[in-house]
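# Descriptive analysis of the structure
Residue strings, one per chain:
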Amino acid sequence: MTGMWLALPMLLSADAGLSAEARDAVKAAVVPTEADEKWLEIGWRANLWEARKEAAAKGKPILLWEMDGHPLGCT
Amino acid sequence: MREWRKLPAERRKPGAMQVEDLDETDDQYHRTLPKGAQAFQVFTRLLEKCDDGWKPAQCEKGRGDQPGRDHFWLTAKELADLADPAAKEGSTRKFPKFVERRIARFHLLDNVRGEPPDWDEKEIRKFDLTLKCKKADAKQVVWTIAGEALMHTDGDDRGCKVTLGGEWTVDRSRKRVVAGDMVALGEHWGESPLTRGAPPGKTPIGIVFTLPKDEKLASQVPPQFARHLRYYLEQRY
């Protein structure tokens, strides 16, 4: 219990929000790394109809990644 | 690609296929960033404490140790509010009510294993977020953001309690957030029909609202709860 009380001041800033240190620690754990985001190097098109027009004009196939939700957004 | 190559060459030639322009689109399925609005990325993870801070929590279900991904939109009017010409060092303000509700209802939740329901208005038990001007000059306003939020169902079988903090730099002439982020850290408990497999009890959760690396791409993907844009922006149909 003592440990919990000691930890609190490190997390909270003077204005009762998260301190800059706490924010940095959370960001380091939450935000995907560059390696995690490798798949974003692919030039995904978010608009299927525009992708169809582009693929037809260039004579290219479409790799369609779809799901319940948005692959580039929420799960 | 094998199947593609089996098609007759004349069908694979550039321009061989014609795709007509769409006469009209259903707004419910084609939701676009309103003019002058700004898109942020929102990442969410369940966390575990470790020696040097936090690490993603292990998850027994699928890829539940991966971040939940979403987008957060601020409208042109809301951004103009943040560029507040009256802001000066030490002055404070709140987000407009719609923004507070948008953050609480649609973004402070556990979406790492699937799609949770948004928090109902009455499930927001506390939301207190204050912006304090750290610095202001003719070009920019720097806001520090601090506060707390608590949401839970009537039976408290699902909830989220977080402390928020952040710093946003707003370009006054462009009326854009040009630097900074906002972070929520706290705990989440419970699950919903599409987010089964939550760890038992209360689990640390971290949520980061950040500027996208690829603004164009981020701007094309609507927030999860923007199935009806007005509902997302103003919480009404």
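The paragraphs below set out a description of the structure included in this document. Keep in mind the model is a prediction, meaning the values are calculated, not measured.

## Focus on the nonpolar core
A general tendency of soluble globular proteins is for nonpolar side chains to be buried together. If you look at the biggest cluster of nonpolar residues, it comprises 47 residues, and the most contacted ones within it are F72(B), L82(B), F95(B), I103(B), L108(B) and W168(B). Excluding residues that lie within four positions of it along the chain, F95(B) makes contacts with L82(B), E100(B), I103(B), L129(B), L131(B), I145(B) and W168(B).

## Topic: the packing of aromatic side chains
Under the definition given, this model contains 10 aromatic pairs over all chains. Judged by centre distance (5.2 Å) and plane angle (20 degrees), the ring pair of F40(B) and W168(B) falls under stacked. Residue F40(B) is located in strand 1 (residues 38-50), and its partner W168(B) is located in strand 7 (residues 159-171); the two are separated by 128 residues in the primary sequence. A relative accessible area of 0% means that F40(B) is categorised as buried. The rings of F40(B), F72(B), F95(B), W168(B) and F209(B) are connected pair by pair, giving a single aromatic cluster. A cation over a ring is seen here: R52(A) above W49(A), with NZ or CZ 4.7 Å from the ring centre.

## Some thoughts on unusual backbone geometry
All names here are of chain B. Positive phi is not limited to glycine here, since D156 has a value of about 60 degrees. Within the secondary structure, D156 sits in the loop between strand 6 (140-152) and strand 7. A relative accessible area of 35% places D156 in the partly exposed class. Positive phi, close to 55 degrees, is recorded for Q235, a residue that is not glycine. Tracing the backbone through its elements, the reader meets Q235 in the segment after helix 6 (229-234).

## Some words on the environment of L229(B)
All names here are of chain B. With respect to the helices and strands, the residue L229 is situated in helix 6. According to the relative accessible area criterion, L229 is partly exposed, its value standing at 24%. Remark: the alpha-carbon pair of L229 and V99, spanning 130 residues in sequence, is separated by 13 Å. If near-sequence neighbours (up to four positions away) are discounted, L229 is found in contact with T32, P34 and W73.

Each value, and the rule that gives it
Residues numbered from 1 in each chain as written. Chains lettered and ligands numbered in written order. Predicted model: local features only at pLDDT ≥ 70, side-chain atom pairs only at ≥ 80, totals over all residues. Heavy atoms only, no water. Core = buried A, V, L, I, M, F, W, Y, C linked by side-chain atoms within 4.5 Å. Buried < 20%, exposed > 50% of the residue type's maximum accessible area, 1.4 Å probe, protein only. Contact = heavy atoms within 4.5 Å. Phe/Tyr/Trp six-rings, centres within 6.5 Å; stacked < 30°, edge-to-face > 60°. Helix = DSSP H or I, 4+ residues; strand = E, 2+ residues; numbered from the N terminus. Lys NZ or Arg CZ within 6 Å of the ring centre and 35° of its normal.

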